[in-house]
Structures are given as C-alpha cells and as structure tokens.
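Breakdown of the fold
Chain by chain, the residues run as shown.
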Amino acid sequence: SVRVHPGETVAVITTTLAAPLVEAIYEQVLARGGHPTAFIAPPRLDEIFLRTAADEQLRRPSFFQEVGIDYFDHIIRVDAPENTRHASSTDPRREA
C-alpha cells in the first residue's frame with residue numbers, strides 16, 4: 001500500500017495488460033493530490049531485451065533507473081505478464 005500525499009510524484013510501471021488497474025491507480029493518486037505518471041509498455045519487451053541484448057546493454061542502467069528513481073516519491077510496479085513462462089527460455093544469469 002502507498003500513502004500518497006499532496007504534491008508527491010508517483011510512477012506506475014506496467015504492461016498494457018494492466019491498463020484498467022493503472023487507470024484506477026492514476027485516478028486515486030490524483031484524488032489524493034499527487035502527480036501520477038504511467039509508464040506502460042508492451043508485455044514482451046523485457047523478454048526481448050533479455051534474449052537479444054548484448055552484455056554491455058544488459059549492464060547499462062535504463063533511463064528510468066538513471067533518472068526516474070531519484071525523481072519519483074513513489075514507484076508502483078504492476079506485474080502483468082502475457083506469458084508467465086516468458087523467461088523460461090532465457091538464461092537466468094542474464095537477468096541478474
């Protein structure tokens with residue numbers, strides 16, 4: 001549970017599969033005076049990245065990791081995978 005106060009910034013990170021939940025969270029953050037931002041991506045991007053990225057790409061922090069973590073007061077991640085076995089074909093060491 002997240003207690004949002006007026007003026008606080010909130011990031012909601014998820015896939016398109018969780019759109020109805022994100023809309024509800026977004027509305028509640030606004031109702032509490034917060035400033036919501038939604039980051040919504042197609043569900044398979046993480047799988048594609050882990051399978052395809054070179055080692056240098058895996059080591060480099062994402063834009064959100066470099067900038068977003070310091071900007072937002074709260075970060076809500078909603079896991080909504082299209083396929084719960086999506087990473088079963090990916091080497092687990094690539095996820096570390």
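Look a little higher up for the structure.
This write-up is about the structure you can find in this document.

What counts, and where the lines are drawn
- Residues numbered from 1 in each chain as written.
- Predicted model: local features only at pLDDT ≥ 70, side-chain atom pairs only at ≥ 80, totals over all residues.
- Heavy atoms only, no water.
- Helix = DSSP H or I, 4+ residues; strand = E, 2+ residues; numbered from the N terminus.
- Buried < 20%, exposed > 50% of the residue type's maximum accessible area, 1.4 Å probe, protein only.
- Contact = heavy atoms within 4.5 Å.
- Salt bridge = Lys/Arg side-chain N within 4 Å of Asp/Glu carboxyl O.

**Considerations on the environment of proline 6**
Position of proline 6 relative to the elements: it lies in the segment before strand E1 (9–15). Under the relative-accessibility criterion, proline 6 is labelled exposed at 67%. For the pair proline 6 and arginine 32, spaced 26 residues apart in the sequence, the C-alpha separation amounts to 6.0 Å. Each residue touching proline 6, except ones within four places of it in the same chain, is listed here: Arg32 and Gly33.

**Structural notes on the pattern of salt bridges**
Here the structure, examined in full by the defined rule, presents four salt bridges. A salt bridge links arginine 77 to aspartate 79, with the shortest nitrogen-to-oxygen separation between them at 3.0 Å. Residues arginine 77 and aspartate 79 agree in their burial class; the two are exposed. A cluster of three or more residues bridged by salt bridges with shared partners is formed by Arg44, Glu47 and Arg51.

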